[in-house]
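A look at the structure
What follows is the residue order along each chain.
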Amino acid sequence: MTDDAFAALRTQMPVTERYAYFDHAAVGPLPAPAAAAMAEYAADFRDHGDVHWPKWRAQTERCRDRFAELLNAAEGEIAVVRNTTEGIGLVAEGIDWREGDNVVVPASEFPSNLLPWRNLQSRGVQVREVEALDERLDPAKVRDACDGRTRVVAASWVGYATGWRNDPADLCQIAHDAGAFFLLDAIQGLGVLPLDVREVPIDFLCADGHKWLLGPEGAGVLYVREDRRNDLRPLLVGWNSVSTAGAFGSKDLTLKDAAERYEGGTYAAACVAGLAASLDLLAPIPPARRGERLLALTDRLVDGLTEAACTVASNHRYDRRSGIVAFTPPDGDSAGCEKRLLAEGIVVRVRHDRVRAAPHLYTSEAEVDRLIAAVS
């Protein structure tokens, strides 16, 4: 890599000493600073109990600050949650539904953005699933599925199976034209693709930190636009949800005037500390530069796989590209290909009978070429 920022990031990724790692769409490896932060937390509580608790509580605010910076959001619009599923669930269950309302969602979504909506059917909510073959969602079909009873349009920024990238601005406009909220599942793009919530007026956004953000499992983000805060009834209200948080003798139920009201109680502090360290590590690289780097790598991968007689399912139109490349090897044996690559120290994943390769900013061009050569 010629860019010093990406080279510096690579030096903080111990996984590169053992593997060419292409599985960030599943679980990303921990950078050294994140692993060190989590180990420090464990050692501190082993040796000192809660004596230094304020130090670790401050890591939550570091995460909040970094997420606000990344999204160009206000800190009061950011809740630190455990994962994408929790964030989507807080939205799905927090809306004041009426029998006969409906939600519009692509049928190709990951279960975390399908099951919470289907779970509302017992309350009289209709779930309208828009077909999207290989995740190729047609915005016109989403618009056609909306009507005067649509309360939410929910979709992924990037599809988990083939990496199809939706345009959040298009879907947000469709939802708002219908008088509905727009929720974006951002887990497969946040951290490596740019998104500005001041330019795209998304109502709710959810993402976990354990993929492209290079954090551990157990810490993520829920973004709630400020003017939507009172449209979302908080669930799991606890001591940390109220304005008197920390005053345990108080019975006041006045909620915090910020997205913190959705956080409820105690955080997964070790996970939050690890995520804060990962966010700090990525922060010096501008979001636009991250996207350029990642797409250059996947362009190289698509070109090489195509030349190697692989069938590439991912659409690489300029505005649909992402960090995910799904393909079928020349012999058609995706599961066998995954095993052979792992034996050569190359980590990929099979999804829907295709090999899914997902590089990161620290991935080198040599590793991309190594994957192509191994497949061919």
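Quick summary incoming for the structure in this document.

**A short note on the pattern of salt bridges**
Tallying each qualifying case throughout the model produces 33 salt bridges. The salt bridge partner of D101 is R149, with a shortest N-O separation of 2.9 Å. Remark: R149 occurs in the loop between α6 (139-145) and β5 (150-156) and D101 occurs in the loop between α4 (84-94) and β3 (102-106); sequence separation between them is 48 residues. The class of D101 is buried, set by a relative accessible area of 3%. Connected via shared salt-bridge partners are R57, E61, R64, K256, E260 and E263.

**As for the side chain of N102**
Residue position: N102 is located in strand β3. Here N102 is in contact with W97, V125, Q126, R128, D147, R149, T150, R151 and V152, once residues within four sequence places are set aside.

**What about the layout of surface pockets?**
Empty space within the largest pocket amounts to approximately 420 Å³. Around the largest pocket, the lining is made up of 20 residues, and of these R165, L193, P194, L295 and Y318 lie nearest the centre. For the lining of the largest pocket, the elements supplying multiple residues, two or more each, are α7 (168-177) and α9 (287-307). With four residues, the single largest contributor to the lining of the largest pocket is α9. Here the residues of the lining of the largest pocket sort into 10 nonpolar, two polar and eight charged. As for the second largest pocket, its lining consists of 20 residues, of which F110, S112, I187, H210 and K211 are closest to the centre. Taken together, the residues of the lining of the second largest pocket sort by class into seven nonpolar, eight polar and five charged.

**Some details on the nonpolar core**
Formed by 64 residues in total, the largest nonpolar core has its most connected members in F67, L71, F182, L190 and L205. When residues of this core are assigned to their parent elements, the largest contribution, six residues, is made by helix α8 (residues 269-282). Residues in contact with F182, not counting those within four places in the same chain, are V153, A155, P168, L171, C172, A175, H176, I202, D203 and F204. Counting residues in hydrophobic clusters, the runner-up holds 26 residues, among them V91, W117, L222 and Y262.

**Considerations on the environment of E99**
Along the chain, E99 turns up in the loop between α4 and β3. For the pair E99 and R123, spaced 24 residues apart in sequence, the C-alpha to C-alpha distance is 6.6 Å. Contacts of E99, omitting those with residues within four sequence positions, involve R123, G124 and R149.

**Some thoughts on helix α3 (residues 53-71)**
Between its first and last C-alpha atoms α3 spans 28 Å; for 19 residues at 1.5 Å apiece the expected length is 27 Å, and the two agree. Every buried residue belonging to α3 is among W56, R57, Q59, T60, C63, R64, F67, A68, L70 and L71, and all of these are buried. Contacts made by the buried residues of α3 are with α2 (32-48), β2 (78-81), β7 (204-208), β8 (220-224), α8 and α9. At the C-terminal side of α3, N72 shows a positive phi close to 60°.

**Some thoughts on empty space enclosed by the protein**
What the rule picks out here adds up to two cavities of 30 Å³ or more. When its volume is computed, the largest cavity comes out at roughly 60 Å³. Forming the boundary of the largest cavity are P106, S108, E109, F110, E135, L137, S156, G159, Y160 and N166. Roughly 30 Å³ of volume is contained in the second largest cavity. What lines the second largest cavity is L137, P139, N166, D167, D170, L171 and R320. Among the residues forming the lining of the second largest cavity, the class breakdown is three nonpolar, one polar and three charged.

**Notes on the sheet that holds β5**
The strand order across the open sheet formed by seven strands is β2-β8-β7-β6-β5-β3-β4, and the pairing between neighbours is mixed. What marks the edges here is a single partner per strand, and that holds for β2 and β4 (126-130). Adjacent strand axes in the sheet meet at a mean angle of 20°, parallel and antiparallel pairs treated alike. When β7 meets β8, the two strands line up antiparallel, connected through five bridges. Note that in β8 the partner of F204 across the bridge is V224.

**Notes on the pairing of strand β6 (residues 181-185)**
For β6, a buried count of five out of five residues is recorded, marking the element as mostly surrounded by other parts of the structure. The pairing of β5 with β6 spans five bridges and is classified as parallel. For A154, the partnering residue across the bridge sits in β6 and is L183. With α7 bridging β5 and the parallel β6, this β-α-β connection has right-handed handedness. Pairing analysis gives three bridges linking β6 to β7, with the strands arranged parallel. Following the sheet pairing, L184 is matched in β7 by L205.

**So, the sheet that holds strand β9 (residues 311-312)**
Ordered in space as β9-β10-β13-β12, the four strands form an open sheet in which the pairing is antiparallel. The open sheet has two edge strands, β9 and β12 (349-351), and neither has a second partner. Pairing of β12 with strand β13 (residues 354-357) involves three bridges; the strand directions are antiparallel. Within β13, the residue paired with R351 across the bridge is R354.

Conventions we followed
- Residues numbered from 1 in each chain as written.
- Predicted model: local features only at pLDDT ≥ 70, side-chain atom pairs only at ≥ 80, totals over all residues.
- Heavy atoms only, no water.
- Salt bridge = Lys/Arg side-chain N within 4 Å of Asp/Glu carboxyl O.
- Helix = DSSP H or I, 4+ residues; strand = E, 2+ residues; numbered from the N terminus.
- Buried < 20%, exposed > 50% of the residue type's maximum accessible area, 1.4 Å probe, protein only.
- Contact = heavy atoms within 4.5 Å.
- 1 Å grid on protein atoms, 1.4 Å probe; cavity = no way out; pocket = protein on both sides within 12 Å on 5 of 7 lines; lining within 4 Å.
- Points joined across faces, edges and corners; volume = space filled by probe spheres on them.
- Nonpolar A, V, L, I, M, F, W, Y, C, P; charged D, E, K, R; others polar.
- Core = buried A, V, L, I, M, F, W, Y, C linked by side-chain atoms within 4.5 Å.
- Expected span 1.5 Å × (residues − 1).
- Pairing = 2+ DSSP bridges.
- Axes fitted to C-alpha atoms, helices over the stretch in contact; angles between N-to-C directions.
- Right-handed = clockwise from strand over helix to strand, strands pointing away.

Keep in mind these numbers describe shape, not what the thing actually does.
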